[in-house]
Amino acid sequence: MSDKIVVCRCEDVTTHELEEAVRAGHRDLESLKRYTGFGTGWCQGKQCVALCSRLLIELGGDAPEGPITARPPFHPISVARLARVLGEDE
Amino acid sequence: MSARMEPIAVPPSALPERADVVIVGGGIMGLAIAWNLAQLGQERIVVVEKSYLCSGASGRNGGGVRAQWSSETNVRLMKRSIALCSDFATKMRINVWFRRGGYLFLARSDARAKQLEESARLQREHGLPTRIVDRAEMKDIVPELDTSHFVAASWNSEDGVVFPWPFVWGYARACQKLGVALHTHTSVSEIETTNGRVSGVVTSRGRIATEKVLVCAGAWSPEITRMVGVELPSHPHRHEICSSEPLKPFLRPLVGDLADGLYFSQSMRGEIVGGISNAKVPEGLDQRSSMRFLGLYARALSRAMPVLGDVKILRQWAGCYDITPDGNPLVGDVDEVPGMYLMSGFMGHGFMMAPVMGELFARWLLHGEERELFERWNLRRYREGRLLSETMILG
């Protein structure tokens, strides 16, 4: 098996980085996300959060009660489109 | 992947039964104070955080660090805080992605321009290079800005932005090296008093006997002080932020508009990070995101910087400001409960104030320095009716 295994493709987070974070005391999923940056890129965790949760449990961390907090928008959306969401008087 | 990973997580250590100081809140403020107290030789410090590190406002703010303020105290303190920020990476051995791209405060009206000019004069008296710039110079600083809405701007090239998370971890790690006991996922349920004085803190993981408790819980501070019957004049106010897809670095300063509270900057990750004022938010502690915020922010941003219209927003989140009626913090001792201390009410700029306030609080508590500041910002000003002011609060 290769020595370098990527767990979050958007932010280039590897298994080694997860291990280092857990060793530094980040035992829960939200904390692990912040320390390594997984789930903060283009897909917002849709591809990596299940894998990272499993690895956290294997590493002896706290089993997450659910996925990381979902951050809207569901898909990236342009500033120009969002600028038309509200009426002029709002 | 087929192989399982080896368990390496270290279980949380037991809570100490006794402490000289218990700090409630493991945000930037509590950790900065703990580290400064430990630096001055204070022993047996315990910090309790009810959630994970960076879970509150310390992990949810825009990372702005500026010395452009309208009150002499804030200018003086932030000048020191920025100096501490610039040494932080070297001293704490962690990269906080500090970037001094300046702060550009835009004025839409002559009245606002005049106010900024008065503040800029005060800032220059304190040795800052702040000056008022016209439309042409605004364009030099941010070529993509649509300056037609603005009459002037206040410019300090030495203000900057940091990435908030490593700042919190840097203090946390440095605290632990000095023997501070930091306990996350530990919430406070009761503050015990004996003959009116603080005698202990009851948490979800056990009781700690202590004669000093310091409340650094940001927007949660009123909930903590209420445990001993002290009502704070501050209240939580939700503030939302969002972040774009990463772009090649092009935007130098943090741009702010005090009229609608719009602000935005480019982080070292390349994202445009910003927020805007929103008067219509749910009461109380609420960290949910709203579509209305995205609408308000995107409309104001695309007007100020039309070129950003095609840029995509990736994520939004929310945190709580700790708002006081006079826009100034609540710090120092609490008359009603000897042994209780406050460091709260920072109006959404507690993050940038933490390096200097941590330093001053430790000197005040252990050496009796900075008495004037800790008197002026004390909670008792509300009981005595001497309120303060600050006009450059953003968002």
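Report follows, based on the coordinates. Keep in mind that this is a model prediction, so the values were computed, not measured. (Residues numbered from 1 in each chain as written. Chains lettered and ligands numbered in written order. Predicted model: local features only at pLDDT ≥ 70, side-chain atom pairs only at ≥ 80, totals over all residues. Heavy atoms only, no water.)

Concerning the overall build of chain A
Step number 1: Along its length, chain A carries four helices and three strands.
Step number 2: If you list the helices and strands of chain A from N to C, you get β-β-α-α-α-β-α.
Step number 3: Taken against the 2.2 N^0.38 rule, which gives 12 Å for 90 residues, the C-alpha radius of gyration of chain A at 16 Å runs more than 25% over that of a compact globule.
Step number 4: Based on the C-alpha atoms only, the size of chain A along its principal axes is roughly 55 × 30 × 20 Å.
Step number 5: When each of the 90 residues of chain A is scored for burial, the buried share is 51%.
Step number 6: Taking all contacts inside chain A whose residues are at least 6 apart in sequence as the whole, residues at least 24 apart take part in 54%.
Step number 7: About 4600 Å² of surface is accessible on chain A, with carbon and sulfur atoms providing 51% of the total.
Step number 8: Each charge class in chain A can be summarised by its mean position, and for the 11 positive and 14 negative side chains these summaries are 4 Å apart. (Helix = DSSP H or I, 4+ residues; strand = E, 2+ residues; numbered from the N terminus. Rg over C-alpha atoms; globule rule 2.2 N^0.38 Å. Buried < 20%, exposed > 50% of the residue type's maximum accessible area, 1.4 Å probe, protein only. Contact = heavy atoms within 4.5 Å. Areas by Shrake-Rupley, 256 points an atom, 1.4 Å probe, with all protein chains shown as cover. Lys, Arg positive; Asp, Glu negative; His and termini not counted. Charge placed at Lys NZ, Arg CZ, Asp CG, Glu CD.)

Examining the interface of chain A and chain B
Step number 1: Of the residues lining the interface, 41 residues belong to chain A; the matching set on chain B comes to 41 residues.
Step number 2: Summing both sides of the interface, chain A and chain B together bury roughly 3900 Å²; the carbon and sulfur share of this comes to 62%.
Step number 3: For chain A, the biggest contributors to the area lost against chain B are Arg34, Glu58 and Val79 of chain A; these three give 19% of the whole.
Step number 4: Taken together, the connections running from chain A to chain B amount to three salt bridges.
Step number 5: For the salt bridge of Arg269 of chain B with Glu11 of chain A, the shortest nitrogen-to-oxygen distance reads 3.5 Å.
Step number 6: Connecting chain A to chain B are 16 residue pairs in polar contact (both at pLDDT 80 or more).
Step number 7: Looking at the side of chain A that touches chain B, the element that brings in the most residues is helix H2 (residues 29–36) of chain A, giving five residues.
Step number 8: Looking at the side of chain A that touches chain B residue by residue, the class counts come to 17 nonpolar, 11 polar and 13 charged. (Buried area = accessible area lost by both parts, 1.4 Å probe. Salt bridge = Lys/Arg side-chain N within 4 Å of Asp/Glu carboxyl O. Polar contact = N/O pair within 3.5 Å; in protein donor to acceptor, adjacent residues only side chain to side chain. Nonpolar A, V, L, I, M, F, W, Y, C, P; charged D, E, K, R; others polar.)

Points about helix H7 (residues 291–304) of chain B
Step number 1: Taking 1.5 Å as the rise per residue, H7 of chain B with 14 residues should run 20 Å; its terminal C-alpha atoms sit 20 Å apart, in good agreement.
Step number 2: By the criterion of burial, H7 of chain B is predominantly enclosed, with 11 of the 14 residues buried.
Step number 3: For H7 of chain B, the set of buried residues is Phe293, Leu294, Gly295, Leu296, Tyr297, Ala298, Arg299, Ala300, Leu301, Ser302 and Ala304 of chain B.
Step number 4: Looking at the buried positions of H7 of chain B, the neighbouring elements they touch are helix H4 (79–82) of chain A together with strand E13 (235–244), strand E15 (262–266), strand E16 (272–275) and strand E17 (312–323) of chain B.
Step number 5: For H7 of chain B, the side-chain oxygen to backbone nitrogen distance between the N-cap and Phe293 of chain B is 3.1 Å, and the N-cap itself is Ser290 of chain B. (Expected span 1.5 Å × (residues − 1).)

Brief notes about the packing of helix H1 (residues 28–39) of chain B against helix H8 (residues 350–367) of chain B
Two numbers describe a pair of packed helices, the interaxial angle and the distance between the axes.
Residue and element names in this part refer to chain B.
Step number 1: Interhelical geometry of H1 versus H8 gives an angle of 35 degrees and a closest axis separation of 8 Å. Along this stretch, H1 crosses H8, giving a crossing that reads as right-handed. Where H1 approaches H8, its residues Ile28, Met29, Ala32, Ile33, Asn36 and Leu37 are matched on the opposing element by Gly350, Phe351, Met353, Ala354, Pro355, Met357, Gly358, Glu359, Phe361, Ala362, Leu365 and Leu366.
Step number 2: Residue composition of the contact of H1 with H8, grouped by class: 14 nonpolar, three polar and one charged. (Axes fitted to C-alpha atoms, helices over the stretch in contact; angles between N-to-C directions. Left-handed = near helix turned anticlockwise from the far one by under 90°.)

Examining H1 of chain B
Residue pairs spaced three or four apart in an α-helix point in one direction, given the helix's 3.6 residues per turn.
Residues and elements named next belong to chain B.
Step number 1: An ideal rise of 1.5 Å per residue puts 16 Å on 12 residues; H1 measures up with 16 Å between its terminal C-alpha atoms.
Step number 2: Taken across its 12 residues, H1 has 11 buried, putting it largely inside the fold.
Step number 3: Gly41, located one to two residues past H1, shows a positive phi value of around 100 degrees.

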